[in-house]
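A structural walkthrough
Each chain is listed here by its residues.
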Amino acid sequence: MSAPAVFSTDERIGSLLDQSITRHMMSTLTDQGGKICAEYVWIGGNGGDVRSKGRTLDKMPEKPEDLPMWNYDGSSTGQAPGPTDSEVYLVARAIYKDPFRGGDNILVMCDTYEPPQIMPDGSVKDITPIPTNTRHAAAEIMKRAEDEEPWFGIEQEYTLLNALTKWPLGWPKGGYPAPQGPYYCAAGAGLSIARDICEVHYRCCLYAGIAISGVNGEVLPSQWEYQVGPVIGIAGGDQLWMSRYILHRICEMYNVECTFDPKPIPGDWNGAGGHVNYSTNGTRKEGTGWEVIQEHCAKLGKRHAVHIAAYGEGNERRMTGMHETSNMENFAWGVGNRACSIRVGRMVPVDKCGYYEDRRPASNLDPYIVTKLLVETTLLL
């Protein structure tokens, strides 16, 4: 059977600035006088944006607790009432090597808090998590379930857009490419669009110390996927958020936009998911793990509505029962079935243990919320 003709593109996108100057200065001026640059990264007010700012440290921290708390203007990120009460505190939670500055410089994943307050009786109220801090509650749940060692492997799909037109990169201007079919895991002009971004991101994540376990081209042309994991507990959310920050920084250099919209193009085109692979000591136990997985699926079915409500904005546009999705109104699980809520791998019933994949989360999932719910539903209720 002959494949449909796929044409390449003459689209050209250039960086805003001449990056050869940047590369020259960053590679030439390597002596920082013993100082460390720390880029503090946090989640902004809309729940999907990542913000950051850098500070200079006198020495390399050995652990996140060694880093000083910092603050920022929350009124400019939608996380504080206004300029008269705008201070939000940053608490360092995880440290990664900085692939952009190189050397001993670091990226720091933080979460966000109201600053200490003096109460009417003179006592001092400690910092408290702000409403958009979803990490705090997730960390508490992970602590309660740490004996089960929950492992997560998160599949992050994303779509690359022309930052000027907001149309998928490499697509005909105002038009559509050949139908889906030839693009998934493909190689070749017109088939694999902007592989450079995928490869640079892959290398940067490895350098940073993120447990990125693979990458691939996706079904929609100009859509890619990478996987983070397996990682234990709260590290699943920390690493996925930092990997997103790194991806946005790379796209910034190429003057390309990255979107995590779960259905970037309406019609007969695949959406973008954030599938979460999950296992516990119970599911991984030889001989009895398969029974535990079935128990987990029964529990997840009872709380389907709770999970769906928290699995990503706009997910109803993606989860229609078509394009390798289940219908979001109904819960179902099956072995080797990619058109259901929970997919169990073919070898799990054979090996009598293993993991399963929650296919419901959208690509714009908050991994702190999703991993928290999985642990809460299957282990703590």
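Predicted model, so just to flag it, every value in this text is computed and none were measured.

Turning next to the packing of aromatic side chains. The tally for this structure, following the rule as stated, stands at 11 aromatic pairs. Taking the centre distance of 5.6 Å and the plane angle of 90° together, the rings of Trp167 and Trp171 count as edge-to-face. Classification of Trp167 as partly exposed rests on a relative accessible area of 23%. By relative accessible area, Trp171 is classed as buried at 3%. Ring geometry for Trp167 and Tyr176: centres 5.5 Å apart, planes at 75°, overall edge-to-face. Aromatic rings pair up to connect Trp167, Trp171, Tyr176 and Trp269 into one cluster. When the ring centre of Tyr207 is taken as origin, the NZ or CZ atom of Lys97, which lies over that ring, is 4.2 Å away.

In the case of a regular strand, side chains alternate between the two sheet surfaces. The side-chain alternation of strand β3 (residues 70-73) yields one buried face, formed by Trp70 and Tyr72, and one unburied face, formed by Asn71 and Asp73. As paired elements, β3 and strand β4 (residues 87-97) share 4 bridges and run antiparallel to each other. In the strand pairing of β4, Asp73 is matched with Glu87.

Next up on the list: the side chain of Gln156. Inspection of the secondary structure puts Gln156 in strand β9 (residues 151-162). A residue is classified by how much of its surface remains accessible, and Gln156, at 0% relative accessible area, is buried. Of the polar contacts made by the side chain of Gln156, one reaches the side chain of Arg244; its length is 2.9 Å. At 2.9 Å, the side chain of Gln156 and the backbone oxygen of Ser363 are in polar contact. Dropping the residues within four chain positions of it, Gln156 is found in contact with Trp224, Glu225, Tyr226, Leu240, Arg244, Phe260, Gly273, Ser363 and Leu365.

Under the defined criterion, the tally for this structure stands at 15 salt bridges. Arg101 is the partner of Asp98 in a salt bridge, and the nearest nitrogen-oxygen pair spans 3.7 Å. Here Asp98 falls in the buried class, since its relative accessible area comes to 1%. Overlapping salt bridges bring together Glu39, Asp98 and Arg101 as one network.

Turning our attention to the nonpolar core. The nonpolar side chains of a soluble globular protein tend to be buried with one another. Counting residues in each nonpolar core, the largest one holds 57 residues, and the members touching the most others are Met109, Tyr158, Leu160, Met242 and Ile246. Excluding anything up to four places from it in sequence, Leu160 contacts Pro168, Leu169, Ile193, Ala194, Ile197, Ser222, Trp224, Cys251, Val256, Glu257 and Cys258.

It is worth spelling out the pairing of strand β5 (residues 106-114) at this point. Counting buried positions along β5 gives 8 out of 9 residues, so the element sits mostly inside the fold. The pairing of strand β1 (residues 36-43) with β5 spans 4 bridges and is classified as parallel. Looking across to β5, one finds that Tyr40 is bridged to Val108. Direction of pairing for β4 relative to β5: antiparallel, over a ladder of 8 bridges.

Here the focus is the environment of Cys353. Counting through the fold element by element, Cys353 comes out in the loop between α9 (347-351) and β16 (356-358). Relative accessible area serves as the criterion here: at 15%, Cys353 is assigned to the buried category. C-alpha separation for the pair Cys353 and Thr288, spaced 65 residues apart in sequence, amounts to 6.5 Å. Excluding residues within four positions of it along the chain, Cys353 makes contact with Thr283, Arg284, Lys285, Glu286, Gly289, Trp290 and Val348.

One pass over the structure, following the stated rule, counts 0 disulfides. The thiol of Cys185 is unpaired, and the distance to the nearest cysteine sulfur, on Cys198, comes to 10 Å. Cysteine Cys340 shares no disulfide, and the gap to the nearest cysteine sulfur, in Cys297, comes to 8.7 Å. On the basis of relative accessible area, Cys340 is assigned to the buried category, the value being 3%.

The subject of this paragraph is a nonpolar patch on the surface. Together, Ile21, Met25 and Leu29 make up a nonpolar patch on the protein surface, roughly 310 Å² of accessible area in all. Mapping Leu29 onto the fold places it in the loop between α1 (19-28) and β1. Under the relative-accessibility criterion, Leu29 is labelled exposed at 58%.

Taking 1.5 Å of rise per residue, the 14 residues of helix α10 (residues 367-380) would be expected to cover 20 Å, and the 18 Å separating its terminal C-alpha atoms lies within 8% of that figure. Most of α10 is tucked away: 11 of the 14 residues are buried. When α10 is considered as a whole, its buried residues turn out to be Pro367, Tyr368, Val370, Thr371, Lys372, Leu373, Leu374, Val375, Glu376, Thr377 and Thr378.

This next bit is on the environment of Ile246. Relative to the assigned elements, Ile246 resides in helix α4 (residues 235-254). As a C-alpha pair, Ile246 and Ala208 span 38 residues in sequence and 9.2 Å in three-dimensional space. Residue contacts for Ile246: discarding those within four places in its chain leaves Pro99, Phe100, Leu107, His201, Cys204, Cys205, Ala208 and Ile210.

Attention shifts here to the packing of helix α2 (residues 134-144) against α10. Running from N to C, α2 and α10 point in directions that differ by 30°, and their axes come no closer than 9 Å. The angle between α2 and α10 falls in the class roughly parallel. Relative to α10, the crossing made by α2 is left-handed. Between α2, through Thr134, Arg135, Ala137, Ala138, Ile141, Met142 and Arg144, and α10, the contact on the second element is made entirely by Tyr368, Ile369, Thr371, Lys372, Val375, Glu376 and Leu380. Here the residues of the contact of α2 with α10 are counted per class, giving 8 nonpolar, 2 polar and 4 charged.

Thresholds, definitions, all that
- Residues numbered from 1 in each chain as written.
- Predicted model: local features only at pLDDT ≥ 70, side-chain atom pairs only at ≥ 80, totals over all residues.
- Heavy atoms only, no water.
- Phe/Tyr/Trp six-rings, centres within 6.5 Å; stacked < 30°, edge-to-face > 60°.
- Buried < 20%, exposed > 50% of the residue type's maximum accessible area, 1.4 Å probe, protein only.
- Lys NZ or Arg CZ within 6 Å of the ring centre and 35° of its normal.
- Helix = DSSP H or I, 4+ residues; strand = E, 2+ residues; numbered from the N terminus.
- Pairing = 2+ DSSP bridges.
- Polar contact = N/O pair within 3.5 Å; in protein donor to acceptor, adjacent residues only side chain to side chain.
- Contact = heavy atoms within 4.5 Å.
- Salt bridge = Lys/Arg side-chain N within 4 Å of Asp/Glu carboxyl O.
- Core = buried A, V, L, I, M, F, W, Y, C linked by side-chain atoms within 4.5 Å.
- Disulfide = S-S within 2.5 Å.
- Patch = residues over 30% accessible without salt bridge, like charges linked within 9 Å, V, L, I, M, F, W, Y side chains within 5 Å.
- Areas by Shrake-Rupley, 256 points an atom, 1.4 Å probe, with all protein chains shown as cover.
- Expected span 1.5 Å × (residues − 1).
- Axes fitted to C-alpha atoms, helices over the stretch in contact; angles between N-to-C directions.
- Parallel < 35°, antiparallel > 145°, perpendicular 65-115°, else oblique.
- Left-handed = near helix turned anticlockwise from the far one by under 90°.
- Nonpolar A, V, L, I, M, F, W, Y, C, P; charged D, E, K, R; others polar.

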